[in-house]
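What follows is the residue order along each chain.
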2 protein chains.
Amino acid sequence: MTQLYERVALIGLGLIAGSMALAMRRAGLVGEVVGTARSAETRAVATEIGLCDRICESAAEAAAGADLVVLCVPVGAMGAVAEEIAPHLAPGATVSDVGSVKRAVIAAVAPHIPEGVHFLPAHPLAGTEHSGPRSGFAELFDNRFCLLTPLPGTPGAVIGRYTALWQGMGANVESMDADHHDLVLAVTSHTPHLIAYTMVGVADHLRRVTESEVVKYSAAGFRDFTRIAASDPTMWRDVFLHNRDATLDILGRFTEELFVLQRAIRMGDGEMLHEYFTRTRAIRRGIIEAGQDTDAPDFGRAKTRG
Amino acid sequence: MTQLYERVALIGLGLIAGSMALAMRRAGLVGEVVGTARSAETRAVATEIGLCDRICESAAEAAAGADLVVLCVPVGAMGAVAEEIAPHLAPGATVSDVGSVKRAVIAAVAPHIPEGVHFLPAHPLAGTEHSGPRSGFAELFDNRFCLLTPLPGTPGAVIGRYTALWQGMGANVESMDADHHDLVLAVTSHTPHLIAYTMVGVADHLRRVTESEVVKYSAAGFRDFTRIAASDPTMWRDVFLHNRDATLDILGRFTEELFVLQRAIRMGDGEMLHEYFTRTRAIRRGIIEAGQDTDAPDFGRAKTRG
């Protein structure tokens, strides 16, 4: 494959940046991958495992001379990083990010981007509950979506080149408006994460059910919540603080809905519950048909079926 | 291994009964497994796939002459089945069940059990989001817990023999009080399921985010909720109706907790959110250490890591 970029700078070296570095290498998409992280320990680990071609001491150093700079830091840190690298950006370079929130990132980053540099916000919908430079793997983006939320006036060639990079890393690329992105993600990701954190928190508080029992008997349901609630705390703090309006909107709807079901339980309305639970099965079917999950019986974490 | 029971009757042939039949056969634990189901179609499928040694037309017929009868029907149907089989139970037989709720099952079943027959309630903590006679597999109970909630006065030999059967099917067996069981399960299973159903319902209602977008972009978080919310509607309706008090208790705590986090988001209290999310990580660690889940990065559904 032709090289899409000569030098890619990854700012921040967690799960997403690490997986990008490995996925770009897998497909031979770029000339050189340079990386940097604020923490010296993270830089040392990245050097040790050979995550990038070169590890730089600062974001400014990494960004200098790169034709693509990708901000892979928590959403709340994007603005400061953009400000730091701005004077060092090469003319014609593309700056992107991988933040889970788009409107707030655009507001924080766009003002710092100099004339002649293109800011193209993006969000790969992929992740695991692990974090840090050792957590990345080349297959993370395979058959996942990467959503672009281009600003008006972004040249088609800039979008096309970055789209090709993500496709080369295995992803399906689509574009949408930043506000719409934030609402969709509030439904599919942000609110579910908050709910999972909450349920795990409830279990943690409950003194009549000791922690060891909750852990021991976690097989059905709760186990999946703890997996979600093991995700990176800093990333998720920033997501909620920066997608506040959409998350609060969806949370309000969730609470209303929960009260309706809670009332049905209290009143013994089995018909309503059965109808509700039957309807939710259909969405699962759709997700499997869309190739976003498998039909293997995962609750049992079973490898084989009889 | 010595045969533990000569004839086991499985009443109801869904995921749990099917997996029991296969697990008992795998380990050669019993002489004969007979099964029955209310639906002629289920009986036909079970016959076709050879799930049991013999399929009976009625619960009464299946129970007759069995030294172990296991009720594998939804919790709300247990009482009627117990009443039907009661006149046909062999003296000295053990009757058990696999219901996710124990206090209500005991209240419904125990009054029908004749003198000289032992009722030993049990709940294997295992399942998948699939249901029906084709969904069972022999490995379902491997390294999972089966909780017994014995009634006062149950002979130790009866408990010991049934414990050996579950251990032979791969499970770890523990005993506890029925009320405590219902509270523990309200935390680890029932409330998480209700919450997952609710979140999927919210997504279904939301018209600004079309269903196809929710499905397409479901990779992080929501996908796991849909898996939970694809579980058998009849089973779960009965669980909520029959573990009402404990579920409503935990739901109340959940809502309180959610409001605290929601307020932190509204007020921009990042420190509180970060601390909360850090604490919930520890419980996940405990579950992995207890062998109830793996540390593989499942959000990415990844088979390999870099």
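Residues numbered from 1 in each chain as written. Chains lettered and ligands numbered in written order. Predicted model: local features only at pLDDT ≥ 70, side-chain atom pairs only at ≥ 80, totals over all residues.

Peer 1: Where do I start with the sheet that holds strand β1 (residues 5–11) of chain A in this structure?
Peer 2: Residues and elements named next belong to chain A. Read across the open sheet, the 8 strands follow the order β3-β2-β1-β4-β5-β6-β7-β8; overall the sheet is mixed. Every interior strand has two partners, whereas the edge strands, β3 (54–56) and β8 (172–175), have only one. The mean angle between the axes of side-by-side strands here comes to 25°, regardless of whether they run parallel or antiparallel. One ladder, built from 3 bridges, connects strand β2 (residues 30–36) with β3; its direction is parallel. Looking across to β3, one finds that G35 is bridged to I55. Contacting β1, β4 (68–71) and β5 (94–97), helix α4 (residues 78–85) runs over the sheet at an angle of about 155° to β4. Running at roughly 30° to strand β6 (residues 118–124), helix α6 (residues 156–168) makes contact with β1, β5, β6, β7 (145–148) and β8 of the sheet. (Pairing = 2+ DSSP bridges. Helix = DSSP H or I, 4+ residues; strand = E, 2+ residues; numbered from the N terminus. Axes fitted to C-alpha atoms, helices over the stretch in contact; angles between N-to-C directions. Contact = placed C-beta atoms within 7 Å.)

Peer 1: Would you take a moment to explain the interface of chain A and chain B for this structure?
Peer 2: Accessible area lost when the parts come together is the quantity often used to give the size of an interface. Residue-level contacts link 101 residues of chain A with 101 residues of chain B. Contributing elements (two or more residues each) for the side of chain A that touches chain B: α7 (178–205), α8 (211–216), α9 (222–228), α10 (233–242), α11 (244–267) and α12 (270–289) of chain A. Sorting elements by how many residues they give to the side of chain A that touches chain B places α7(A) first, with 18 residues. Of the residues in the side of chain A that touches chain B, the class split is 50 nonpolar, 28 polar and 23 charged. (Nonpolar A, V, L, I, M, F, W, Y, C, P; charged D, E, K, R; others polar.)

Peer 1: I'm lost on the domain arrangement of chain A in this one. Help?
Peer 2: All names here are of chain A. Under the domain assignment, chain A is made up of domain 1 (5–176) and domain 2 (180–300). Look at where the C-alpha atoms of domain 1 and domain 2 centre, and you get two points 30 Å apart. Each partner contributes residues to the interface: domain 1 has 15 residues there, and domain 2 has 18 residues. Among the residues making up the side of domain 1 that touches domain 2, the classes are represented as 6 nonpolar, 6 polar and 3 charged. (Domains from an automatic or database assignment.)

Peer 1: For this particular structure, what's the right way to read the sheet that holds strand β5 (residues 94–97) of chain B?
Peer 2: Whenever strands of a sheet pair, they do so through backbone hydrogen bonds, lying parallel or antiparallel. Residue and element names in this part refer to chain B. Read across the sheet, 8 strands follow the order β3-β2-β1-β4-β5-β6-β7-β8 without closing on themselves; strand pairing throughout is mixed. Taken across any chain shown, the strands that pair with only one partner, and hence form the sheet edges, are β3 (54–56) and β8 (172–175). Ignoring which end each strand starts from, the neighbouring axes of this sheet average 25° apart. Across 6 bridges, the pairing between strand β1 (residues 5–11) and strand β2 (residues 30–36) is parallel. Looking across to β2, one finds that R7 is bridged to E32. Against the sheet, helix α6 (residues 156–168) touches β1, β5, β6 (118–124), β7 (145–148) and β8, its axis set at about 30° to β6.

Peer 1: Sorry if this is basic, but what is going on with the environment of I11(B) here?
Peer 2: Position of I11(B) relative to the elements: it lies in strand β1. I11(B) has contacts with T36(B), A59(B), A62(B), V69(B), V70(B), L71(B), C72(B), V73(B) and V81(B), leaving out every residue within four places of it along the chain.

Peer 1: Explain the relation of the copies chain A and chain B here, please?
Peer 2: When chain A is fitted to chain B, the residual RMSD is 0.0 Å, and the transformation amounts to a turn of 180° plus an axial shift of 0.0 Å. The superposition of one copy onto the other is thereby described by a two-fold rotation axis. Ranked by how close their C-alpha atoms come to the rotation axis, the residues of chain A are headed by D224(A), at 3.4 Å. In this assembly the copies share their binding face: 100% of the residues contributing to the interface of chain A also contribute to that of chain B. (Least-squares fit on C-alpha atoms with pLDDT ≥ 70 in both.)

Peer 1: Sorry if this is basic, but what is going on with the nonpolar core here?
Peer 2: A general tendency of soluble globular proteins is for nonpolar side chains to be buried together. Ranked by size, the top nonpolar core spans 208 residues in total, and within it L10(A), I11(A), V69(A), L10(B), I11(B) and V69(B) carry the most contacts. Not counting the four nearest positions on each side in its chain, L10(A) is found in contact with A17(A), M20(A), A21(A), V33(A), G35(A), C52(A), V70(A) and C72(A). (Core = buried A, V, L, I, M, F, W, Y, C linked by C-beta atoms within 7 Å. Buried ≥ 20, exposed ≤ 12 C-beta atoms within 10 Å, placed from the backbone.)

Peer 1: Explain the pairing of β2(A) to me, please; I cannot follow it from the model alone.
Peer 2: The side chains of a regular strand alternate, residue by residue, between the two faces of the sheet. Taken across its 7 residues, β2(A) has 5 buried, putting it largely inside the fold. In terms of handedness, the path from β1(A) via helix α1 (residues 15–27) of chain A over to β2(A) forms a crossover that is right-handed. (Right-handed = clockwise from strand over helix to strand, strands pointing away.)

Peer 1: Please explain the environment of H130(A) as it appears in this structure.
Peer 2: Structurally, H130(A) is set in the loop between β6 and β7. Remark: the alpha-carbon pair of H130(A) and D232(A), spanning 102 residues in sequence, is separated by 7.2 Å.

Peer 1: I would appreciate a short explanation of the packing of α7(A) against helix α7 (residues 178–205) of chain B in the present structure.
Peer 2: To characterise two packed helices, one gives the angle between the axes of the helices and the distance between these axes. α7(B) packs onto α7(A) with a crossing angle of 160° between their chain directions and a minimal axis gap of 11 Å. What the angle tells us is that α7(A) and α7(B) run roughly antiparallel. The element α7(A) and its partner α7(B) pack so that their crossing is right-handed. On the side of α7(A), the interface is formed by V187(A), T191(A), P192(A), I195(A), M199(A) and A203(A), while α7(B) contributes V187(B), T191(B), P192(B), I195(B), M199(B) and A203(B). Taken together, the residues of the contact of α7(A) with α7(B) sort by class into 10 nonpolar, 2 polar and no charged. (Parallel < 35°, antiparallel > 145°, perpendicular 65-115°, else oblique. Left-handed = near helix turned anticlockwise from the far one by under 90°.)

Peer 1: It is not clear to me how unusual backbone geometry should be interpreted in this structure. Could you clarify?
Peer 2: The bulk of non-glycine residues show a negative phi, and the bulk of peptide bonds are trans. The residue N143(A) is not glycine, and still its phi comes out positive at about 65°. Overall, N143(A) belongs to the partly exposed group, with 13 C-beta atoms counted inside 10 Å.

Peer 1: Mind showing me how you'd approach the confidence of the model for chain A here?
Peer 2: Interpreting fine coordinate detail is not advised for predicted regions of low pLDDT. With 93% of its residues at a pLDDT of 70 or more, chain A has an overall mean of 91. Segment residues 300–306 of chain A is flagged for pLDDT under 50; beyond a separation of four residues in sequence, or across chains, it makes 19 contacts in the model. (pLDDT = per-residue confidence, 0-100.)

Peer 1: Honestly, helix α2 (residues 40–48) of chain A in this entry has me stumped. Any pointers?
Peer 2: Two residues of an α-helix separated by three or four positions point the same way, owing to the 3.6 residues in each turn. Residues and elements named next belong to chain A. What α2 keeps buried is the set T42, R43 and A46. For α2, the angular spread of buried residues about the axis comes to 100°, placing them on one side. Facing away from the buried surface of α2 by more than 90 degrees, the exposed residues are A40, E41 and E48. Those residues of α2 that are buried are in contact with β2 and β3. Just downstream of α2 lies G50, where phi reads positive at about 65°. (Arc of directions from axis to C-beta.)

Peer 1: Looking at this structure, how should I read the pairing of β6(B)?
Peer 2: Residues and elements named next belong to chain B. When you tally the buried positions in β6, you get 7 out of 7 residues, the bulk of the element. Residues H118, L120, A122 and P124 of β6 are buried on one face, and the alternating residues F119, P121 and H123, pointing to the opposite face, are buried as well. As paired strands, β5 and β6 are joined by 4 bridges and run parallel to one another. Its bridge partner being in β6, V95 is matched across the sheet by F119. Traced from β5 through helix α5 (residues 103–109) to β6, the parallel crossover comes out right-handed. Pairing geometry for β6 and β7, over 3 bridges, is antiparallel. Of the residues in β7, the one forming a bridge with P124 is C146.

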